[in-house]
Amino acid sequence: MISKELLHDKFRGAILGCFLGDAFGSGFEGMNPEKARFHMDNLDSPSVHHFVSKKFPRSYTDDTDMTLAVVESIIQSSGVSPENIAKQFSLYCDLTRGYAIGAIKSVLALRAGMKWYEVARIVFENGSFGNGAAMRVSPVGLFYHHDLDSLQEAAIQQANITHVHPLGQWGAVMQACSVALAVNQNPKESFKKEEAIIHLREVLWCGPIEYIKALNKIEEMLAQGKKLQAREVVQSLGNGVEAHFSVPTACYIAMNYSPDFCDAIRAAISLGGDTDTIAGMVGAIVGAHVGEKGLPVEWIEQLEDGPRGLSFARDLADRLFETWWKIHQTS
Ligand SMILES: [Mg+2]
């Protein structure tokens, strides 16, 4: 049984962990693994790319922007309401923060008055299988960490605003489930990987076969008992913007490196590719495992703290926890 204080800290850890992974990862987007590793190892050198080395304070991108909107919505609705989440996206998404063109079109359609259930097919007729629904889903993992059946339904509902392709939807389920499993882990111990794989398989079995295949690969890779080279991880699981080529990758890195938050984020960034989203997803999972107390203070101090920055994010995490606690304390 997790104490109230620890559970509260884990809510903060997941939200700030996403923020950290996103903010630190965003300077490396699109690099190959070798280049990403070089820049990661030489952050303080004047010779590295200025976007990486001189980006202070470290600002967040669409991943954190949408995550915070989902948190606000869950607080307002005491659960997942796609209609309300769409309203928060319409009100608060800052489209200057590195949004993909599909997401920009979706938010603009919402602002123009289109219904939330009409938006997802305006950009991709058959639905998007990008990782956009997974990158913002960590609050769903937190809020439903006690009930994986409800979590599965809620993760798909929140995905449906922009991602109706099963790969996009179930990528969100896998990420939310990983966050939930991390909440239930002891922060003083390493991640119980075998147990987590069993739970993930139970939740994902009725989704697309791609996620079951990815789970099988993760199981094999973890069984090797060593930390694989970035190239090997990318070849096996991917580092792209597609949900099925990035969510399993984030789960593998998080399970393999947690509870060491900094090592996990470095490993995620070293993969190159969609670094902000993969590192953001890793950050949310590891943050849910270790709580804010397990996050690096010297990294947190580098985060932007404007109107919707660090203090705002921490306050939202607190309110999300209070909302959860009020419901479950009395039931
Ligand atoms: Mg981003």
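Scroll up a little and you will see the structure.
Residues numbered from 1 in each chain as written. Predicted model: local features only at pLDDT ≥ 70, side-chain atom pairs only at ≥ 80, totals over all residues.

Enquirer: What should I look at first to understand unusual backbone geometry in this one?
Expert: Omega for the peptide link from Ser258 to Pro259 comes to 15°, which places this bond in the cis form. Within the fold, Pro259 resides in the loop between helix H15 (247–257) and helix H16 (261–269). Here the phi dihedral of Ser78 falls at roughly 50°; this positive angle occurs in a residue that is not glycine. Checked against the element boundaries, Ser78 lands in the loop between helix H4 (62–77) and helix H5 (82–92). (Helix = DSSP H or I, 4+ residues; strand = E, 2+ residues; numbered from the N terminus.)

Enquirer: Even after reading the chapter, I still don't get the packing of helix H1 (residues 4–25) against H4, so can you show me in this structure?
Expert: When two helices pack together, their arrangement is given by the angle between the helix axes and the distance between those axes. Where H1 contacts H4, the two axes come as close as 9 Å, and the packing angle between them is 160°. Between H1 and H4, the angle falls in the class roughly antiparallel. Considering only the axes of H1 and H4, their crossing is left-handed. Residues Ile15, Cys18, Phe19 and Asp22 of H1 pack against Asp63, Thr64, Thr67 and Val71 of H4. Per-class residue counts for the contact of H1 with H4 are four nonpolar, two polar and two charged. (Axes fitted to C-alpha atoms, helices over the stretch in contact; angles between N-to-C directions. Parallel < 35°, antiparallel > 145°, perpendicular 65-115°, else oblique. Left-handed = near helix turned anticlockwise from the far one by under 90°. Contact = placed C-beta atoms within 7 Å. Nonpolar A, V, L, I, M, F, W, Y, C, P; charged D, E, K, R; others polar.)

Structural measurements only, silent on function.
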